[in-house]
Amino acid sequence: MDFSLTEEQTMLADSVSRFIANDYNFERRMKIAESDENFSAEIWQTFAELGWTAVPFCEEDGGLGGGPVELMLMMEQFGRGLVVEPYLANIILAGGVLQRAGSDEQKTNWLSGIIEGSLQAALAFSEPQARFEIADIATTATADGDHFTLSGQKAFVLNGGSAELVIIPARTAGAQNDTGGITLFAVPADSEGLSRKSYKTVDAHAAAEITLSNVRVPATSVIGDVDAGHAILEAVIDEATLAVCAEAIGIMRTMHDKTVEYSKSRVQFGVPIGSFQALQHRMVDTLIACEQSHSLLLWTALLTSEGKPDARQAISALKYQVGTAGRLVAEEAVQIHGGMGVTWELDIAHYFKRLSAIGILFGNADFHLDRYVNLSAI
Amino acid sequence: MHISFTKEEREFQQEARRFFAEKFPEDIKRKQDSGAVLSKEDYVRWQKIMYAKGWAAINWPTEYGGTGWTPIQMYIFSNEIARANAPDMLPFGVKMVAPIIYTFGSEEQKARFLPDILESNVWWCQGYSEPGSGSDLASLKMRADRDGDSYILNGTKTWTTLAHMADWIFCLVRTSTDVARRQEGISFVLVDMQTPGVTVRPIITIEGEREVNEVHFEDVRIPVNNLVGEEGKGWTYGKVLLQHERTNIAGVARSQNSLKRLKEKAAQTIHGGPALADDQNFARKIAAVEIDLKALEYTQLRTLAAVAVGKAPGPESSILKICGSEIQQELDALFMEAAGYFALPYVPDQYVIDFPEDERIGHGGETNTSLRYFNNRKASIYGGSNEIQKNIIAKHVLGL
């Protein structure tokens, strides 16, 4: 039993933490968030130079061979810094699919660009009707000689507006909710018949609605095997879920710490408001929420990195925990900051919005509690 | 980071598992499994079996007959004893007073008291709370006035668990009011329950049983060598006592065993009826508490990992009592919910006697679930209420 980190892991966490402290303060983050760009290309280059874009990929693909623990450490820091750069969408989601199932050629064409920081990619993991079910896919891919023709709609494609490559899960067989019959396609965003509406999200990230009207792609665009995309999708979404939970816990701790500090300096009735028991107990509740969430994160990261069979269930437990505890921490932080807590000016508001977005992302607390129950029954 | 035990730790785990499987008496196990309470005889019989194995005092140093185990071994032991649903040693002697005696007591006190605690020959109870001093314990009023080689005790202790079965009581008493801080006037004394002037009055608790008492002291004369350590240091010793409980205070392994039994119960079908486990609402409640408990298990392991390498436990340790008691209470409520109507028959005999299954009202321990639920509302009240725990955390962890 050992919760200590290796020297390399500690160095990685320190390096991200230092970057946030020195080069990504709240003012700079807000400048990026409020610009017309979806993220800072300059900062993305820095990520690549520091090797962060290579962390989760194996060494033969040009990566650094990091696992869930490394991702957890980085994402916690990204949470603390409210980083808007598309690490999740580009590296963990799109890169995760290519790493797991991409052919040598696809890896050369796309993954190496992702690792170098020169290519933006996205994974279209949701459709308008699907809510949080990744198997609910109505988009069709029809074989046509050595080509496929794709038609359908993809919703909330993170990084979808900036992506040059969009990975499209489409149905090649089976009924709309079947796990079988899903195939993943690597589709260049400038393909004929692909249109997109880009937008920013409430938490200053960026996404797009993508429509595919008879988009014709060669059979070499298939990632992995035909009809066998669901398992890859599920593995990647699970890893991404673990990653955003780590990010959420970084945010929760930051909100909790900032709230405690604020309560020591804000004076009303002649005393710091932190001296009031009504507020003290609420801050103890948020401390407990942070500690319990952190404990589940460690459990889940360990199970995942050791490849244990109950890792999937652990991920749902963690997402449920982060959904419920995160909401508590965020709402209490806003409440205790009083009127300032609901201003655009204060960072608390932006942590709140990101945490709320993570609460929904890849399935909310209710969805994951039910998934946990269903996985227990198996 | 990894979560596996070493080879030695796994061997120890097997040894403990074998011991509980072979030596825990079947009739006591049946009572435990049905949620009944144990008698003094049950406890003494079982504790003497643990003593014979050398496992009566897992938290003591070896020089006094303890095991000298590492924190990880204690953790494994706690898991295995809970897995067997065997009761822990009653805490008052072995966990509460003994560490104070061997840390602060005289050689004479160690020789006189420790062996009988180890062998379960002498039973102890705890005299801390008073009618006017609950959460605000430092306001306690029971006096110990020096008179030659004696102290004269006057006052009342309350909520005294098992005082009616105990041979001795350890008390926090006021030896001085002439101090800057009221905590400094408090001393720690040991009192033979047979001393003239000690009377015990029952307090019947919500489930209808006698578990706690009020203990009155009227001109009770005890020798000064029943004072432990220095006069006026009792408060400090009392705080040390709390640290001895830290790693096991959450009751994680107990709750894991309860959860396992709750799931078995929910999976049962009775007279061809539906299984509660198939009810999605109930399944969600079980899942939610299971997740909470898993988080607490790792919060406890984080504490343990820190202690194992000689570090002081971090802020995560202070939340163990709050979360642990809330989870126990949630499980109690779910057991009662699972029992349906059979939570309602009030059959006190089934709560205290090992009844054969076919003579019981309700299935298994269903009628005991409500009594357990009502009784265990105490868990968030005793040992410093959860609100007091939050005050402590606010002050010492958050710096408020």
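All of these numbers come straight from a predicted model, not from anything done at the bench.

Calculation rules
- Residues numbered from 1 in each chain as written.
- Chains lettered and ligands numbered in written order.
- Predicted model: local features only at pLDDT ≥ 70, side-chain atom pairs only at ≥ 80, totals over all residues.
- Heavy atoms only, no water.
- Domains from an automatic or database assignment.
- Helix = DSSP H or I, 4+ residues; strand = E, 2+ residues; numbered from the N terminus.
- Expected span 1.5 Å × (residues − 1).
- Buried < 20%, exposed > 50% of the residue type's maximum accessible area, 1.4 Å probe, protein only.
- Pairing = 2+ DSSP bridges.
- Contact = heavy atoms within 4.5 Å.
- Buried area = accessible area lost by both parts, 1.4 Å probe.
- Salt bridge = Lys/Arg side-chain N within 4 Å of Asp/Glu carboxyl O.
- Polar contact = N/O pair within 3.5 Å; in protein donor to acceptor, adjacent residues only side chain to side chain.
- pLDDT = per-residue confidence, 0-100.
- Phe/Tyr/Trp six-rings, centres within 6.5 Å; stacked < 30°, edge-to-face > 60°.
- Lys NZ or Arg CZ within 6 Å of the ring centre and 35° of its normal.
- 1 Å grid on protein atoms, 1.4 Å probe; cavity = no way out; pocket = protein on both sides within 12 Å on 5 of 7 lines; lining within 4 Å.
- Points joined across faces, edges and corners; volume = space filled by probe spheres on them.
- Nonpolar A, V, L, I, M, F, W, Y, C, P; charged D, E, K, R; others polar.
- Core = buried A, V, L, I, M, F, W, Y, C linked by side-chain atoms within 4.5 Å.

(A) Region of the structure containing the domain arrangement of chain B. When the domains of chain B are assigned, the result is domain 1 (7-89), domain 2 (124-233) and domain 3 (245-396). Centre-to-centre, using C-alpha coordinates, domain 1 of chain B lies 30 Å away from domain 2 of chain B.

(B) Representation of helix α10 (residues 320-339) of chain B in the model. Residue and element names in this part refer to chain B. Between the first and last C-alpha of α10 there are 29 Å, a value that for 20 residues agrees with the 28 Å anticipated at 1.5 Å per step. A large share of α10 lies buried, amounting to 14 of its 20 residues. Positive backbone phi, approximately 60°, marks G340, located one or two places after α10.

(C) Fine view of the pairing of strand β4 (residues 165-171) of chain A. Residues and elements named next belong to chain A. Counting buried positions along β4 gives seven out of seven residues, so the element sits mostly inside the fold. Residue alternation in β4 divides its side chains into two sets, L165, I167, P169 and R171 and V166, I168 and A170, and both sets are buried. Two elements, β4 and strand β5 (residues 182-188), share seven bridges in a ladder whose sense is antiparallel. Looking at β5, one finds that I168 is bridged to F185.

(D) Expanded view of the domain arrangement of chain A. Residues and elements named next belong to chain A. Each assigned domain of chain A is listed here: domain 1 (7-119), domain 2 (122-227) and domain 3 (231-377). Taken together, the contact pairs 14 residues of domain 2 with 14 residues of domain 3. For the domain 2 and domain 3 pair, buried surface summed over both sides reaches about 1,200 Å², with 80% attributable to carbon and sulfur atoms. Broken down residue by residue, the surface that domain 2 buries against domain 3 is led by F132, I134 and D203, which jointly contribute 45%. The interface formed by domain 2 and domain 3 contains one salt bridge. Between D203 and R354 there is a salt bridge; the shortest N-O distance is 2.6 Å. At the boundary of domain 2 with domain 3, the tally comes to one residue pair in polar contact (both at pLDDT 80 or more).

(E) Structural view of the environment of B:L172. Residues and elements named next belong to chain B. Here L172 is to be found in strand β4 (residues 168-174). L172 gets classed as buried once you look at its relative accessible area, which sits at 2%. Expressed as a C-alpha distance, the spacing of L172 and E211, which sit 39 residues apart in the sequence, is 21 Å. Residues in contact with L172, not counting those within four places in the same chain, are G127, Y128, E130, L137, L140, K157, I186, S187, F188 and G234.

(F) Seen up close, unusual backbone geometry. Residue and element names in this part refer to chain B. If you check the backbone angles, D219 has positive phi at about 45° while not being a glycine. By secondary structure assignment, the location of D219 is in strand β7 (residues 210-223). Located in the positive-phi region is H271, a residue other than glycine, with phi close to 50°. Turning to its location among the elements, H271 is positioned in the loop between α8 (252-267) and α9 (280-308). Residue H271 is classed as exposed on the basis of its relative accessible area of 79%.

(G) Seen up close, the confidence of the model for chain B. For chain B, the mean per-residue pLDDT works out to 92, and 97% of the residues sit at or above 70. By mean pLDDT, helix α7 (residues 234-244) of chain B is the weakest element of chain B at 77, and strand β3 (residues 150-157) of chain B is the strongest at 98.

(H) Representation of the packing of aromatic side chains. Considering all chains together, one arrives at 39 aromatic pairs over all chains under this definition. On the basis of an interplanar angle of 55° and a centroid distance of 5.6 Å, the ring pair of B:F20 and B:F77 is categorised as tilted. Linking B:F20 in helix α1 (residues 7-23) with B:F77 in helix α4 (residues 71-83), this pair joins segments that are 57 residues apart in sequence. You can call B:F20 buried: its relative accessible area is 3%. When the centroid spacing of 5.2 Å and the interplanar angle of 15° are considered together, the rings of B:Y64 and B:Y102 count as stacked. Of this pair, B:Y64 sits in the loop between α3 (40-53) and α4 while B:Y102 is found in helix α5 (residues 91-104), placing the two residues 38 residues apart along the sequence. Each residue in the set A:F19, A:Y24, A:F39, A:W44, A:F47, A:W52, A:F78 and A:Y87 is aromatic and connected to the rest through ring pairs, giving one cluster. The lysine or arginine in question, B:K40, covers the ring of B:W123, its NZ or CZ lying 4.8 Å from the ring centre. A cation over a ring is seen here: B:R146 above B:Y151, with NZ or CZ 5.8 Å from the ring centre.

(I) The interface of chain A and chain B, seen in detail. Listed by partner, the interface residues are 39 residues for chain A and 37 residues for chain B. Here chain A and chain B share an interface that buries about 3,500 Å² over both sides, 69% of which is from carbon and sulfur atoms. For the pair chain A and chain B, the number of links is three salt bridges. One salt bridge in this structure joins B:R284 and A:D370, with 2.6 Å as the shortest N-O distance. Linking chain A with chain B are 14 residue pairs in polar contact (both at pLDDT 80 or more), by the criterion used here. Listing elements by their share of the side of chain A that touches chain B, those giving two or more residues are α4 (68-81), α7 (229-265), α8 (277-305), α9 (311-336) and α11 (365-377) of chain A. Among the elements that take part in the side of chain A that touches chain B, α8(A) stands out by supplying 17 residues, more than any other.

(J) Quick look at the layout of surface pockets. Residues and elements named next belong to chain B. If you add up the space inside the second largest pocket, you get close to 900 Å³. Taken together, 29 residues line the second largest pocket, and the ones lying closest to its centre are Y75, N79, Q256, K294 and E297. Of the residues assigned to the lining of the second largest pocket, the class counts are 14 nonpolar, five polar and 10 charged.

(K) View of the nonpolar core. With 166 residues, the main nonpolar core has A:Y87, A:L93, B:F20, B:W60, B:W124, B:F188 and B:L190 as its most contacted residues. The element best represented in this core is α7(A), accounting for 15 residues. The contact partners of B:F20, leaving out residues within four places of it in the chain, are B:W46, B:M50, B:F77, B:E80, B:I81, B:A84 and B:A86. Judged by nonpolar contacts, the second largest core, of 31 residues, contains A:M283, B:I322, B:F335 and B:I393.

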